[in-house]
Amino acid sequence: MNRFSIAIHGGAGTLVKGLMTADLEAKYKAALNTALEAGYRVLENSGSALEAVEVSVKLLEDSPLFNAGKGSVFTAEGNHEMDAAIMEGATLRAGAVSLISGIKNPVSLARDVMEKSEHVFLAGEGAMQFAKSNGYSIESADYFYDEVRYQQWQGIKGSDKFQLDHSVKKDGKFGTVGAVACDVNGNVAAATSTGGMTNKKWGRVGDSPMIGAGNYANNKTCAVSCTGSGEFFIRGVVAYDVSCLMEYKGYSLQDAASEVINDRILRIGGDGGLIAVDAKGNIAMPFNTEGMYRAYKNSEGKKEIAIYKD
Ligand code: ASP
């Protein structure tokens with residue numbers, strides 16, 4: 001039996017120790033723990049990595065603490081536009097959605113694109129039609145309303161500024177979410193989901209739903225889910241870059257992930273982090289920001305839930 005493992009993240013950013021109340025910190029850790037354990041249970045029961053990452057990401061989407069699903073940030077027009085992607089390392093099948101609204105769990109819609117359509121990536125109105133034709137109900141704006149998110153938006157509404165959820169206000173809430181897993185059969189998978197940036201407009205899309213940029217999985221190498229300044233992560237093709245360093249240069253997971261986050265992406269000005277797993281169940285979780293909400297658990301009994309550098 002292969003060693004199995006799962007890692008999740010809830011966004012990277014200016015997470016400085018001491019700026020969050022102990023109570024809020026405990027809430028973040030509890031939410032991460034719930035999502036981690038649910039995904040781990042799938043793997044423990046010999047479920048697939050694909051199933052595990054969807055289960056974990058759904059729970060993170062359901063939490064108002066993270067910038068995905070329920071906790072998504074406000075756009076310039078006062079709406080929520082969400083992006084998500086999922087990929088299976090055994091088959092290289094992938095599904096992604098972008099600029100969708102009113103969907104409780106974008107990651108499940110991304111999985112349906114992968115499994116129930118001939119396509120990989122559906123966006124906007126068309127993605128919504130696909131959702132409706134697959135029986136998705138549309139949640140009202142109330143479901144996604146969050147006072148803190150609203151205030152974040154009020155701070156820059158009407159301006160040309162847009163704000164990465166994790167990098168501006170030191171007391172802000174952070175968090176695109178993601179999960180990567182390796183199952184008992186050595187299959188890997190990755191899923192990522194986000195509300196993008198506060199006050200975003202013009203149909204802005206970040207790295208999260210882009211296969212190879214914010215999300216990628218390949219049994220030959222690894223599964224990766226990213227968080228950070230999306231424009232830079234797109235230009236750096238970050239998730240695929242980690243995979244390429246392993247495939248073409250023979251790097252270990254740890255070395256590949258670290259080189260991309262602590263060197264290659266930094267050189268073009270990108271900040272953020274990623275979680276990654278290889279087909280042997282090894283895990284890497286590098287970030288070049290002050291912190292990253294993150295957690296992992298493996299079948300050897302190792303488990304960690306952390307926010308700051310140490
Ligand atoms: N990468 C995401 C985006 O640019 C944001 C994040 O990671 O929080 O949309």
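Cut-off values and rules
Residues numbered from 1 in each chain as written. Predicted model: local features only at pLDDT ≥ 70, side-chain atom pairs only at ≥ 80, totals over all residues. Heavy atoms only, no water. Helix = DSSP H or I, 4+ residues; strand = E, 2+ residues; numbered from the N terminus. Rg over C-alpha atoms; globule rule 2.2 N^0.38 Å. Buried < 20%, exposed > 50% of the residue type's maximum accessible area, 1.4 Å probe, protein only. Contact = heavy atoms within 4.5 Å. Areas by Shrake-Rupley, 256 points an atom, 1.4 Å probe, with all protein chains shown as cover. Near = heavy atom within 4 Å. Polar contact = N/O pair within 3.5 Å; in protein donor to acceptor, adjacent residues only side chain to side chain. Nonpolar A, V, L, I, M, F, W, Y, C, P; charged D, E, K, R; others polar. Pairing = 2+ DSSP bridges. Axes fitted to C-alpha atoms, helices over the stretch in contact; angles between N-to-C directions. Phe/Tyr/Trp six-rings, centres within 6.5 Å; stacked < 30°, edge-to-face > 60°.

## Quick word on the overall build of the chain
Line of reasoning, step 1. Broken down by element type, the chain carries 9 helices and 14 strands.
Line of reasoning, step 2. Taken over the C-alpha trace, the chain has a radius of gyration of 17 Å; the compact-globule value for 310 residues is 19 Å, and the two agree within 12%.
Line of reasoning, step 3. In terms of its C-alpha atoms, the chain occupies a principal-axis envelope of roughly 55 × 45 × 35 Å.
Line of reasoning, step 4. The buried share of the chain, taken over its 310 residues, is 59%.
Line of reasoning, step 5. Look at the contacts in the chain between residues 6 or more apart in sequence, and 69% of them connect residues 24 or more apart.
Line of reasoning, step 6. Total accessible area on the chain stands at roughly 11900 Å², and carbon and sulfur atoms take up 50% of it.

## Quick look at the site of the ligand
Line of reasoning, step 1. Taken together, 11 residues are adjacent to the ligand, and T176, R204, D207, T227 and G228 come closest.
Line of reasoning, step 2. The side chain of T176 places a nitrogen or oxygen atom 2.7 Å from an oxygen atom of the ligand.
Line of reasoning, step 3. Side-chain polar atom of R204 to an oxygen atom of the ligand: 2.8 Å apart, as the coordinates give it.
Line of reasoning, step 4. In isolation the ligand offers 270 Å² of accessible surface; the protein chains occlude 100% of this area.
Line of reasoning, step 5. Of the residues contributing to the shell around the ligand, the split by class is 1 nonpolar, 8 polar and 2 charged.

## Quick look at the sheet that holds strand β3 (residues 93-100)
Line of reasoning, step 1. The strand order across the open sheet built from 8 strands is β4-β3-β2-β7-β6-β1-β13-β14, with neighbouring strands paired in mixed fashion. What marks the edges here is a single partner per strand, and that holds for β4 (121-123) and β14 (303-308). Averaged over all adjacent pairs, the angle separating strand axes in this sheet is 5°, with direction ignored.
Line of reasoning, step 2. Two strands pair when backbone bridges link them, and strand β2 (residues 82-88) and strand β7 (residues 188-194) are joined in this way by 6 bridges, in the antiparallel orientation. Within β7, the residue paired with A84 across the bridge is S193.
Line of reasoning, step 3. Relative to strand β6 (residues 177-182), helix α2 (residues 49-62) is tilted by about 160°, and along the sheet it contacts β1 (5-13), β2, β6 and β7.
Line of reasoning, step 4. Contacts from helix α3 (residues 106-116) reach β2, β3, β4 and β7 within the one sheet, and its direction differs from that of β3 by about 130°.

## Some thoughts on the packing of aromatic side chains
Line of reasoning, step 1. One pass over the full model with this rule turns up 7 aromatic pairs.
Line of reasoning, step 2. With a centroid separation of 5.5 Å and an interplanar angle of 40°, the aromatic rings of F4 and Y40 are classed as tilted. Pair noted here: F4 is in the segment before β1 and Y40 is in helix α1 (residues 22-44), with a separation of 36 residues, a long-range link.
Line of reasoning, step 3. Look at Y40 and you get buried, because its relative accessible area is 7%.
Line of reasoning, step 4. An angle of 20° between the planes, with centres 4.2 Å apart, marks the rings of Y28 and Y293 as stacked. Separated by 265 residues along the polypeptide, Y28 in helix α1 and Y293 in strand β13 (residues 291-298) bring together distant segments of the chain.
Line of reasoning, step 5. One aromatic cluster is present, formed by Y28, F66 and Y293 through successive ring pairs.

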